[in-house]
Amino acid sequence: MGISESGKILETLAAGKRKPRVIVVGAGLSGICMGMRLMAAGYDDLIVLEKADRCGGTWHYNQYPGLRCDVPSHYYQYSFEPSSRWSHRFCGGEEIRRYFERMARKYQVFERIRFNTETRHAEWTGGGWKLDVATANGASGQLECDILIAACGILVRPKYPDIPGLDSFAGQVVHSARWDHTLELAGERVGVIGNGSTGIQMIKPLTDVCSKVISFQRTPQWVLPIPNRKYSGFGHWLTGKLPILSKLYYNGYRFLMEQVLGRGIIKDNASRRMVAKLCRWNLDSVKDADLRAKLTPDYTPMCKRLVMSSEFYPAIQRPNAALVRAGIDHVEPRGIVTTDGKLHELDIIALATGFHANEYMLPMTMTGAHGVTLDAAWQDGPRGYRTVAMPNFPNFFMVMGPHSPVGNFSLASIAETQSEYIMKFVNLWAERKFEQVYPREDATLRFNAEMLANMKDTVWATGCKSWYLDEKGVPGSWPWTATRFRADLRDPKLQEYVIA
Ligand code: NAP
């Protein structure tokens, strides 16, 4: 069972190597990918800690109506485990979650997952990590490991808006990331607050069943129309018979995302202008001039996360849909009152207000070498070394850590690159090449300075507010190409590490 990107069988644990005790925190697509690599290489002294009762991370927590991934499924999968059975170009959340769970089971990662177990604190003991964990039923305990890997995701903790009177609403309030499946939507009047990727995805399915759907929109979004093609049974059969087709799909979508869209994000180039034209053309399909004006953003497309949808504009023009641009003043028992004094009567308020982004393993606390805490290390915001490690945190790695290219590429592909890099350190530890390793402070500062210098050309810095920018307005995503990302993480620059 070998899984290097080139398709080469990875070397399994050779005689004479020691086997590290590894703990991975998080059983989403990043933690599962890390677990698969470890298991494939024979490092089976593995525990995966997951605070939820199922694996899948974001695809477990988010179950709102219309949830789909806006990255084509043929590219939102591990390149070494292509599925020939994706139902659509952009698959639904549960189908994606099941794929990752299937992978966890196939590589025997699944039985190493401790569900309902939250990691509260991790402490470097001088020779390894000691973790305080708590289970959902109130039990607590400690675990130890030689290598600790955080794969905790980036958009995890839902952001609830601070709207006066929200608690007084007589109907139900539900956040997109904590959807209540007992909620009866048929015939109801629903208000959706927020129109990021989530809020926009909800509008079509809600207008299918609700009597009234009102989208409360603070800032308009650019929307790129990409039809969601359904794959046929014949297509599945053919892709199953000819694996080269999966590869072609994967590489084709990867090229589009990384070399076309991705390059437009980091430089003002032809693809940035092409995306702008396509979004404008899509917006022009809205017939009513007043509605079109309300839907028109005043910033460059892709500055905020580009919304991919060919369903939103038709849905928002349906007779049972409405768009409200006036700000929300307060909520009262009957509904939402906007700043123009109008009461919008509702039965349900859906909060599509996003997440406390870029918290990574927080609120877990950590104390690394020399007593350095995570709070202290991140007092100016989450910072890392080449997305995967931090000074003073020995034998500690992150998948999807700070500055990962989450705004540009498929997260499955990022997890592959980062986990393959981390494996090199696991192998070095197994070969007794070090007892502890962490990146040098100066190398980390240099990386961060270089990254910030490159941010000025990115579309994120063109004047909009988004979760790609931290509280100080510093964009937190990778400002270079995918090619550079993979090159940077191909081989560890050991001279940039403290090795003992
Ligand atoms: P988001 O992009 O952060 O959008 C939050 C929305 O809520 C924005 O429209 C924001 O308005 C609005 N909002 C927040 N607080 C508000 C308040 N107090 N009053 C009124 N409006 C408020 O969150 P998201 O849509 O959940 O998406 C988050 C990320 O998840 C996306 O960027 C994407 O990366 C990912 N996602 C992906 C998919 C997918 O298909 N793969 C689907 C959904 C989400 P402002 O713009 O004015 O701040």
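Residues numbered from 1 in each chain as written. Predicted model: local features only at pLDDT ≥ 70, side-chain atom pairs only at ≥ 80, totals over all residues. Heavy atoms only, no water.

Trainee: Looking at this model, I keep getting lost on the site of the ligand. Mind explaining?
Mentor: Neighbouring the ligand are 23 residues, the closest being R68, D70, T198, T219 and K304. The separation between an oxygen atom of the ligand and a polar side-chain atom of Q201 is 3.2 Å. Calculation on the ligand without its partners gives an accessible area of 910 Å², and the protein chains cover 85% of this total. Sort the elements by how many residues they give to the shell around the ligand and helix α4 (residues 197-209) lands first, with three residues. (Near = heavy atom within 4 Å. Polar contact = N/O pair within 3.5 Å; in protein donor to acceptor, adjacent residues only side chain to side chain. Areas by Shrake-Rupley, 256 points an atom, 1.4 Å probe, with all protein chains shown as cover. Helix = DSSP H or I, 4+ residues; strand = E, 2+ residues; numbered from the N terminus.)

Trainee: Can you help me understand helix α1 (residues 29-40) in this one?
Mentor: Helical periodicity: at 3.6 residues per turn, an α-helix aligns residues three or four positions apart in one direction. Here α1 is twelve residues long and its end C-alpha atoms lie 16 Å apart, about the 16 Å a rise of 1.5 Å per residue gives. Counting buried positions along α1 gives twelve out of twelve residues, so the element sits mostly inside the fold. Those residues of α1 that fall on the buried side of the exposure criterion are L29, S30, G31, I32, C33, M34, G35, M36, R37, L38, M39 and A40. On its buried side, α1 packs onto β1 (22-25), β2 (46-49), α2 (58-61), α3 (93-106), β7 (147-150) and α11 (411-430). Downstream of α1 by a residue or two, G42 has a phi angle that is positive, lying close to 90 degrees. (Expected span 1.5 Å × (residues − 1). Buried < 20%, exposed > 50% of the residue type's maximum accessible area, 1.4 Å probe, protein only. Contact = heavy atoms within 4.5 Å.)

Trainee: How should I be thinking about the pattern of salt bridges in this particular structure?
Mentor: Where charged atoms of side chains with opposite charge meet at close range, the side chains can pair. The full count for this structure, using the stated rule, is 34 salt bridges. A salt bridge links D208 to R318; its shortest N-O distance comes to 2.7 Å. Within this pair, whereas D208 is found in helix α4, its partner R318 is found in the loop between α9 (312-316) and β13 (321-324), the two being separated by 110 residues in sequence. The exposure class of D208 is partly exposed, given its relative accessible area of 43%. Take R318: its relative accessible area is 28%, and that puts it in the partly exposed class. We note a salt bridge from D268 to R273, for which the minimum N-O separation is 3.7 Å. The exposure class of D268 is exposed, given its relative accessible area of 53%. Overall, the relative accessible area of 48% leaves R273 in the partly exposed class. (Salt bridge = Lys/Arg side-chain N within 4 Å of Asp/Glu carboxyl O.)

Trainee: How should I be thinking about the sheet that holds strand β9 (residues 189-193) in this particular structure?
Mentor: Backbone hydrogen bonds hold the strands of a sheet together, and the pairing may be parallel or antiparallel. Pairing is parallel in the open sheet, where five strands are placed in the order β8-β17-β9-β10-β13. A single partner strand is all that each edge strand has here, and the edge strands are β8 (172-175) and β13. Strand-to-strand twist across the sheet, computed as the mean angle between neighbouring axes with direction ignored, equals 20 degrees. Sheet topology places β8 next to strand β17 (residues 348-351); four bridges connect them, and they run parallel. The residue bridging V174 from the neighbouring strand is A350, located in β17. (Pairing = 2+ DSSP bridges. Axes fitted to C-alpha atoms, helices over the stretch in contact; angles between N-to-C directions.)

Trainee: Before we go on, may I ask you to explain the packing of aromatic side chains in this structure?
Mentor: What characterises a pair of aromatic rings is the spacing of the ring centres plus the angle enclosed by the ring planes. Applying the stated criterion to the full structure yields 28 aromatic pairs. Geometrically, the ring pair formed by F393 and F396 is tilted, given 6.3 Å between the ring centres and 55 degrees between the ring planes. For the pair F393 and F396, one class covers both residues: buried. Ring centres of W478 and F485 lie 5.1 Å apart, and the angle between their planes is 75 degrees; this geometry places the pair in the edge-to-face category. Like W478, the residue F485 is buried in the burial classification. Grouped by ring-pair contacts, the aromatic residues W59, Y76, Y78, F80, W86, Y99 and F100 constitute a single cluster. Between R18 and the ring centre of W429, over which it is positioned, the NZ or CZ distance is 3.7 Å. (Phe/Tyr/Trp six-rings, centres within 6.5 Å; stacked < 30°, edge-to-face > 60°. Lys NZ or Arg CZ within 6 Å of the ring centre and 35° of its normal.)

Trainee: Can you help me understand the state of the cysteines in this one?
Mentor: A covalent bond between the sulfur atoms of two cysteines is what we call a disulfide. Across all of its chains, the model carries one disulfide by this definition. Residue C303 pairs covalently with C464 via a disulfide, S to S 2.1 Å. Here the S-S torsion is close to -95 degrees, and the disulfide linking C303 with C464 is therefore left-handed. Taken as a pair, C303 in the loop between α8 (289-294) and β12 (307-308) and C464 in the loop between α12 (441-455) and α13 (482-488) lie far apart in primary sequence, 161 residues in all. In this structure C33 is a free cysteine whose sulfur lies 14 Å from that of C55, the closest cysteine sulfur available. (Disulfide = S-S within 2.5 Å.)

Trainee: Got a minute to help me understand the sheet that holds strand β15 (residues 335-338) in this structure?
Mentor: Pairing within the open sheet is antiparallel, and its three strands lie in the order β14-β15-β16. Both edges of this open sheet fall to β14 (328-332) and β16 (343-345), since each of them pairs with a single strand only. Each adjacent strand pair in this sheet contributes to an overall mean axis angle of 25 degrees, direction not counted.

Trainee: It is not clear to me how the domain arrangement of the protein chain should be interpreted in this structure. Could you clarify?
Mentor: How big an interface is tends to be stated in terms of accessible area lost as the parts join. The domain architecture assigned to the protein chain consists of domain 1 (22-157 + 356-499) and domain 2 (166-231 + 235-351). A straight line from the C-alpha centre of domain 1 to that of domain 2 covers 28 Å. Each partner contributes to the interface: domain 1 provides 48 residues, whereas domain 2 provides 46 residues. Carbon and sulfur atoms make up 55% of the area that domain 1 and domain 2 hide from each other, which totals about 4,300 Å². Between the two partners, domain 1 and domain 2, sit 17 residue pairs in polar contact (both at pLDDT 80 or more). Of all the secondary-structure elements, those providing two or more residues to the side of domain 1 that touches domain 2 are α11 and α13. Sorting elements by how many residues they give to the side of domain 1 that touches domain 2 places α13 first, with three residues. (Domains from an automatic or database assignment. Buried area = accessible area lost by both parts, 1.4 Å probe.)

Trainee: Sorry, what's going on with the nonpolar core here?
Mentor: Most often, soluble globular proteins have nonpolar side chains that are buried together. Counting 143 residues, the largest nonpolar core has Y78 and M361 as its most contacted members. Two domains each provide a minimum of three residues to this core, namely domain 1 (22-157 + 356-499) and domain 2 (166-231 + 235-351). Apart from the residues within four sequence positions on either side, Y78 is in contact with L29, I32, C33, M36, Y99, F100, M103, A412 and E416. Core analysis: the next-biggest nonpolar cluster, separate from the first, contains twelve residues, F169, I336, L346 and L351 among them. (Core = buried A, V, L, I, M, F, W, Y, C linked by side-chain atoms within 4.5 Å.)

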